[in-house]
Amino acid sequence: MRWLSWRVASAVVGLTLALEALPWLLSWLQVGRQRRPRRDVLFFPSQVTCTEALLQAPGEAPAGPTTDCPCNLPHSESSLSRLLRALLAARVSLELCLFAFSNPQLGRAVRLLHQRGVRVRVVTDCDYMALNGSQIGLLRKAGIQVRHDQDLGYMHHKFAIVDKKVLITGSLNWTTQAIQNNRENVLIMEDSEYVRLFLEEFERIWEEFNPTKYSFFPQKKQGC
């Protein structure tokens, strides 16, 4: 009888401990299921690869698997294709703050997002936007909002904010020269604090570069 009572008491104690531990266990499992914030680092120069499958405009027939593309370029992932994927993940908004922007693939991606209804805003440097090959004219022609500086210094930032959640920043100018030849880096991160700080900087510059504040005869930059 005592043996039976001991078994019952042990079972009760075990059940009590299990019930007490259940909320902690469920919480631990829930945390384990949560998606980890994105943390990617891209290094350049990038291998030249086919990016056509990523750049399908709305209404276009899909190109099919990338291995079916008739071009002779490698059909594999590269730093450029990963950067394109990060940009094309935008669903609501995209803020770009770029010193130089002449890469055609990145330009197509930004215009594609605009066609999809994503709100795109661009801040750039007034000198480099006028160079041959710049994508800025094509962005403006597509209806994308663009603002530029008028002061003596350069607008030298190089960052993007996707859906006000993902920050893309680094040393990379968005030019084919930099992407294919230079030693560069790009950090892609989901971090609310860093995103907030960069978004505040973007909004500050966006307001500062409001066209209504432009002077009619701006001073020339040193070295121009």
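Residues numbered from 1 in each chain as written. Predicted model: local features only at pLDDT ≥ 70, side-chain atom pairs only at ≥ 80, totals over all residues. Heavy atoms only, no water.

Colleague: Quick one: what's the story with the overall build of the chain, residue by residue and with numbers?
Modeller: Secondary structure summary: the chain contains 6 helices and 7 strands in total. Ordering the α and β elements of the chain from the N terminus gives α-β-α-β-α-β-α-β-β-β-α-β-α. For the chain, the residues scored as buried account for 38% of the 224 residues in total. Taking as baseline every contact in the chain between residues at least 6 positions apart, the subset at least 24 positions apart corresponds to 77%. Accessible area for the chain stands at about 13600 Å²; split by element, carbon and sulfur atoms hold 58% of it. (Helix = DSSP H or I, 4+ residues; strand = E, 2+ residues; numbered from the N terminus. Buried < 20%, exposed > 50% of the residue type's maximum accessible area, 1.4 Å probe, protein only. Contact = heavy atoms within 4.5 Å. Areas by Shrake-Rupley, 256 points an atom, 1.4 Å probe, with all protein chains shown as cover.)

Colleague: Go over the nonpolar core with me, naming the residues and quoting the values.
Modeller: If you look at the biggest cluster of nonpolar residues, it comprises 39 residues, and the most contacted ones within it are Leu94, Leu96, Phe101, Leu106, Ile168 and Trp174. Among the nonpolar cores identified, the runner-up in size contains 13 residues, and Ile161, Leu167, Val195 and Leu199 belong to it. (Core = buried A, V, L, I, M, F, W, Y, C linked by side-chain atoms within 4.5 Å.)

Colleague: Residue-level account of the sheet that holds strand E5 (residues 158-162), with values.
Modeller: Strands in a sheet are paired, the pairing made by backbone hydrogen bonds, and the direction either parallel or antiparallel. Pairing is mixed in the open sheet, where 7 strands are placed in the order E1-E7-E6-E5-E2-E3-E4. Edge positions in the sheet fall to strand E1 (39-44) and strand E4 (145-148), since each has one partner strand and no second. Neighbouring strand axes in the sheet, compared pairwise and without regard to direction, differ in orientation by 10 degrees on average. The pairing of E1 with strand E7 (residues 184-189) spans 6 bridges and is antiparallel. Counted as the bridge partner of Arg39 is Met189 from E7. Here helix H2 (residues 79-88) sits on the sheet in contact with E1, strand E2 (93-98), E5, strand E6 (166-170) and E7, set at roughly 140 degrees to E1. Packing of helix H6 (residues 192-208) onto the sheet brings it into contact with E2, strand E3 (119-124), E4, E5, E6 and E7, and relative to E3 it is tilted by some 70 degrees. (Pairing = 2+ DSSP bridges. Axes fitted to C-alpha atoms, helices over the stretch in contact; angles between N-to-C directions.)

Colleague: Outline the pairing of E5, supporting the account with residue identities and numerical values.
Modeller: Counting buried positions along E5 gives 5 out of 5 residues, so the element sits mostly inside the fold. Taking every second residue as pointing to the same face, both faces of E5 are buried, with Lys158, Ala160 and Val162 on one and Phe159 and Ile161 on the other. Between E5 and E6, which pair antiparallel one after the other, the connecting turn spans 3 residues, and Asp163 there sits at a positive phi close to 55 degrees.

Colleague: Give me the lowdown on the pattern of salt bridges, citing residues and values where you can.
Modeller: Overall, the coordinates contain 12 salt bridges when judged by the stated rule. A salt bridge links Glu208 to Arg204, with the shortest nitrogen-to-oxygen separation between them at 3.1 Å. Here Glu208 and its partner Arg204 are both found in helix H6, 4 residues apart, which amounts to about one turn of the helix. Lys213 is paired through a salt bridge with Glu207; the nearest N and O atoms lie 3.2 Å apart. (Salt bridge = Lys/Arg side-chain N within 4 Å of Asp/Glu carboxyl O.)

Colleague: I'd love a proper account of the packing of aromatic side chains, names of residues and values included.
Modeller: For the structure shown, the criterion picks out 6 aromatic pairs. Note on Tyr128 and Tyr154: the rings are 6.4 Å apart at their centroids and 75 degrees apart in plane angle, and the pair reads as edge-to-face. Residue Tyr128 is located in the loop between E3 and helix H4 (136-141), and its partner Tyr154 is located in the loop between E4 and E5; the two are separated by 26 residues in the primary sequence. Considering the side-chain rings of Phe159 and Phe198, the 5.0 Å spacing of their centres and the 75 degrees angle between planes classify their relative orientation as edge-to-face. One end of the pair, Phe159, is in strand E5; the other, Phe198, is in helix H6, and 39 residues separate them in sequence. Under the relative-accessibility criterion, Phe159 is labelled buried at 1%. Relative accessible area serves as the criterion here: at 23%, Phe198 is assigned to the partly exposed category. Over the face of the ring belonging to Trp206 we find Arg121, whose NZ or CZ atom lies 5.2 Å from the ring centre. (Phe/Tyr/Trp six-rings, centres within 6.5 Å; stacked < 30°, edge-to-face > 60°. Lys NZ or Arg CZ within 6 Å of the ring centre and 35° of its normal.)

Colleague: Can you explain unusual backbone geometry? Please cite residues and give values.
Modeller: Cis geometry is adopted by the peptide bond preceding Pro45, which originates at Phe44 and carries an omega value of 15 degrees. With a phi close to 55 degrees, Asp163 is a non-glycine residue in the positive phi region. Here Asp163 shows up in the loop between E5 and E6. A positive phi angle, close to 55 degrees, is found at Lys164, a residue other than glycine. Turning to its location among the elements, Lys164 is positioned in the loop between E5 and E6.

Interpretation note: all reported values are geometric properties and have no functional meaning in isolation.
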